[in-house]
Amino acid sequence: MENLKTKPQTNYLNLPKEKITGAEAVVRCLIAEGVDIIYGYPGGAIMPVYDEFYKYHKEIYHVLTRHEQGATHAAQGYARISGKVGVAIATSGPGATNLITGIADAQIDSTPMVCITGQVPSHLLGSDAFQETDIVGISTPVTKWNHQITRAEEIPEVIAKAFYIARSGRPGPVLIDITKDAQFEAFDFTYKKCNVVRSYKPVPKLQQNQLQAAAELINSAKKPLIVWGQGVILGKAEEEFKAFVEKTGIPAAWTIMGVSAIDTAHPLNVGMVGMHGNYGPNILTNECDVLIAIGMRFDDRVTGKLSEYAKKAKVIHFEIDPAEVDKNVKTDVAVLGDSKESLNEILAMVNENNHDDWLEKFKALSKIEFEKVIKADLHPTKEGLTMGEVLKEINIQSGGKAAIVSDVGQHQMIACRYAEFTQSRGNITSGGLGTMGFALPAAIGAKMACPGREVVAVIGDGGYQMTIQELGTIFQTKAAVKIVVLNNDFLGMVRQWQQLFFDKRYASTEMTNPDFVTIAKGYYIDAKRVTKRENLATAVEEMMRSKNAYFLEVCVEKEDNVFPMIPSGASVSEIRLE
């Protein structure tokens, strides 16, 4: 990545007016917002902006991905690990529509992202011109805000507003569509950052009476349980959250988007909730008397059968987005506001406490899960390799400091269950949308955002092939991403459901795969395949020690399943260990 920006960026904020083109204004606005890396793919309708990238290449680094979807996922990875706004850019028509999957992924996972698309000249709008698509209409359901620009003078104000909306409150993706004539048009340019939008209130005002009501429930609880999500991380509230957990002594469980907010080894961290979560927190959700949800949205994969979820509990919901309160689970006390502020305020109201007897129940159930599931995953006795033991070796080599990037499937659940984290923003995955193909480009973006941090993409053989072309991006940029493909020659999660619920009718899930190692070497990436347990530790060590990109294929058991598992439509109490 030696081509990253080579000189300090010019400060284009609040300078005297200067006549420039709309295309140059776009680039100056991005620089004014602190954007140093942008991911994209050029084309006719966005070419004027690309011409300006050529001129400003020392101030803003453009990464040519091999597909526009890869650009959005790379921007997501950049945003998720850094907390900054990721930026992706594409041309009109198919270029713009190829962004939609990544935009939808960012919307449901609350990822701050600004996408810029070119559009046909304004006089051709609505004429079905070459590569014309109504991207504003298409993207409306999956963006936090979008806008079409037809005049150059709109560019500074709209871009400033876009960044403010994308990063403020509950973050999300914004799309700006710019006609080609607006890119060529000259106007008097000046730029001011946006700090307020009329009628848009990104952070609800904290209500002291709600905090007090929540504190009273917490202080009187005998069997309380915390379930936290990504809102803790997005609110940069990790320290406040840890202090809250330790002062109250309450067992705390996480959603897959929340993991890494506190160390996985913390004594009050009782594991993952949800369909493939840990046995204890799932079972005991229906025994707790106070459920404290912090920065999570009660997704169906967390709650299972809603009518039987946490029926013994009073529910406290700490949430920044009022639309999430009472949407799925009825709340007794809603604490609306920023998680950092809310947790800091309530810390003085809650009593110092411990719940040792209650915590022992989690430990007892954890021992059952270890004997029935974890031992076989991490310390297998059968000949074939397991996905779990690969994660165990990565933990050993990384010391819990690596960022683990995954997309969706069995590998994702194994990575979330067994990866160890000692640093926040460590788990980067496609949570709500479950996008196959997310991991490889997202890992590129994450590594570029934090080049000093180890980034390991853990991917299934199915999802890997959906964006395998991004190996070209790795080769061109020299992003030192570590890629681990857990190859079972199946679309593993679908196959598991077919085995358990469709009498082993493996319809269209077995894969005839190419030689992944040869493909990686074709992109001049160091690569190795492991098929035997005795070679695994050495191979993982070699990968982690490499200063360059590295590809490791691990051939694992073809028909291993991920347990525990809550069957679709079942209660969290009906979680299966086998």
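Now for a look at the structure at hand. Only a predicted model underlies this, so the values are computations on that prediction, with no experimental measurement involved.

1. Notes on the overall build of the protein chain
- From N to C terminus, the protein chain includes 23 helices and 20 strands.
- With the C-alpha coordinates of the protein chain rotated into their principal frame, the extents come out at 70 × 60 × 45 Å.
- Considering only residue pairs separated by 6 or more positions, the protein chain has 77% of its internal contacts joining residues 24 or more positions apart.
- Of the accessible surface of the protein chain, which amounts to about 22700 Å², a share of 50% is contributed by carbon and sulfur atoms.
- Across the protein chain, the centroid of the 61 positively charged side chains sits 2 Å from that of the 69 negatively charged ones.

2. Thoughts on the packing of aromatic side chains
- Summed over the entire model, instances satisfying the criterion amount to 13 aromatic pairs.
- Taken together, a centroid distance of 6.0 Å and an interplanar angle of 75 degrees make the contact between F298 and Y309 edge-to-face. Taken together, the residues F298 in the loop between strand 12 (290-294) and helix 13 (300-303) and Y309 in the loop between helix 13 and strand 13 (314-319) connect sequence positions eleven residues apart.
- Taking the relative accessible area as the measure of exposure, F298 reaches 2% and is therefore buried.
- Through a chain of ring-to-ring contacts, the aromatic side chains of Y464, F516 and F551 assemble into a single cluster.

3. Considering the sheet that holds strand 15 (residues 403-406)
- Judged by pairing direction, the sheet is parallel, and its six strands sit side by side in the order 16-15-17-18-20-19 without closing on themselves. Strands at the two margins of the open sheet, each flanked by one partner only, are strand 16 (427-429) and strand 19 (526-530). Averaged over all pairs of adjacent strands, the angle between strand axes in this sheet comes to 20 degrees, irrespective of strand direction.
- Relative to strand 20 (residues 550-555), strand 19 is paired through five bridges, and the arrangement is parallel. In the sheet register, V530 faces strand 20, and the bridge partner there is V554.
- Its contacts with the sheet place helix 18 (residues 439-449) against strand 15, strand 16, strand 17 (455-460) and strand 18 (482-487), and it is angled at close to 175 degrees to strand 17.

4. Structural notes on the environment of N354
- Of note, N354 is situated in the loop between helix 14 (339-347) and helix 15 (356-378).
- Taking relative accessible area as the criterion, N354 reaches 47% and is therefore assigned partly exposed.
- Taking C-alpha positions, N354 is 9.4 Å from P251, a pair spaced 103 residues apart along the chain.
- The contact partners of N354, leaving out residues within four places of it in the chain, are T248 and G249.
- In this structure the side chain of N354 is engaged in a polar contact, spanning 3.4 Å, whose partner is the backbone nitrogen of D356.

5. A word on the pattern of salt bridges
- All told, the structure shown has 29 salt bridges when counted by the stated rule.
- Across the pair D36 and K84 runs a salt bridge, and its minimum N-O distance is 4.0 Å. Residue D36 is found in the loop between helix 1 (22-32) and strand 2 (37-40), and its partner K84 is found in the loop between helix 3 (68-82) and strand 4 (86-90); the two are separated by 48 residues along the sequence.
- The partner of K375 in a salt bridge is E371, with the nearest N and O atoms 2.9 Å apart. Within this pair, K375 and its partner E371 are both found in helix 15, separated by four residues, close to a single helical turn.

6. Some thoughts on the nonpolar core
- Ranked by internal contacts, the top residues of the largest apolar core, which has 99 residues, are I226, W228, F241, L291, I294, I316 and I346.
- Not counting residues within four places of it along the chain, the set of residues in contact with W228 comprises F241, A252, A253, W254, T255, G258, V259, A261, I262, N269, I294 and M296.
- Of all hydrophobic cores here, the second largest spans 51 residues; its members include I135, L175, L440 and L471.

7. Comments concerning the sheet that holds strand 11 (residues 269-272)
- Spatial ordering of the open sheet is given by 11-10-9-12-13-14, a layout of six strands whose pairing is parallel. Whereas interior strands pair on both sides, the edge strands pair on one side only; in this sheet they are strand 11 and strand 14 (333-336). Adjacent strand axes in the sheet meet at a mean angle of 20 degrees, parallel and antiparallel pairs treated alike.
- Sheet topology note: the strand 10 (residues 252-254)/strand 11 ladder contains three bridges and is parallel. Bridging from a neighbouring strand, A252 pairs with N269 of strand 11.
- Sitting on the sheet, helix 9 (residues 208-220) touches strand 12, strand 13 and strand 14, and the angle it makes with strand 14 is about 130 degrees.

What counts, and where the lines are drawn
Residue indices begin from 1 for each chain and proceed along its sequence in written order. Given that this is a predicted model, residues contribute local features only at a pLDDT of at least 70 and side-chain atom pairs are listed and counted only at 80 or more, while totals for whole chains, interfaces and linings are drawn from all residues. Hydrogens and water molecules were not included; the side-chain quantities draw on all heavy atoms of the structure. A run of DSSP states H or I qualifies as a helix once it reaches four residues; a run of E qualifies as a strand once it reaches two. Both are numbered from the N-terminal end. Note on contacts: a residue pair is in contact if any heavy atoms of the two residues lie within 4.5 Å. Surface accessibility follows the Shrake-Rupley procedure with a 1.4 Å probe radius. Residue values consider only the protein chains on display as shielding. For the charge count, each Lys or Arg is scored as positive and each Asp or Glu as negative, with His and the chain ends excluded. Think of each charge as sitting on NZ of Lys, CZ of Arg, CG of Asp or CD of Glu. Pairs were defined over the aromatic rings of Phe, Tyr and Trp, the Trp ring being its six-membered one, requiring ring centres within 6.5 Å. Orientation was assigned from the angle between planes: stacked under 30 degrees, edge-to-face over 60, tilted for the rest. We call a residue buried when its accessible area falls under 20% of the maximum for its residue type, exposed when it is over 50%, and partly exposed in between, using a 1.4 Å probe and counting protein chains only. If DSSP finds at least two bridges between two strands, the strands pair. Fitted lines through C-alpha atoms give the axes, limited to the stretch in contact for helices. The angle between two N-to-C directions lies from 0 to 180 degrees. Pairs of N or O atoms are called polar contacts if they sit within 3.5 Å, as long as, within protein, a hydrogen donor faces a hydrogen acceptor (for residues adjacent in sequence, only side-chain-to-side-chain pairs). Here a salt bridge means any side-chain nitrogen of Lys or Arg lying within 4 Å of a carboxyl oxygen belonging to Asp or Glu. Side-chain atoms within 4.5 Å link the members of a nonpolar core, which is a set of buried Ala, Val, Leu, Ile, Met, Phe, Trp, Tyr and Cys residues.

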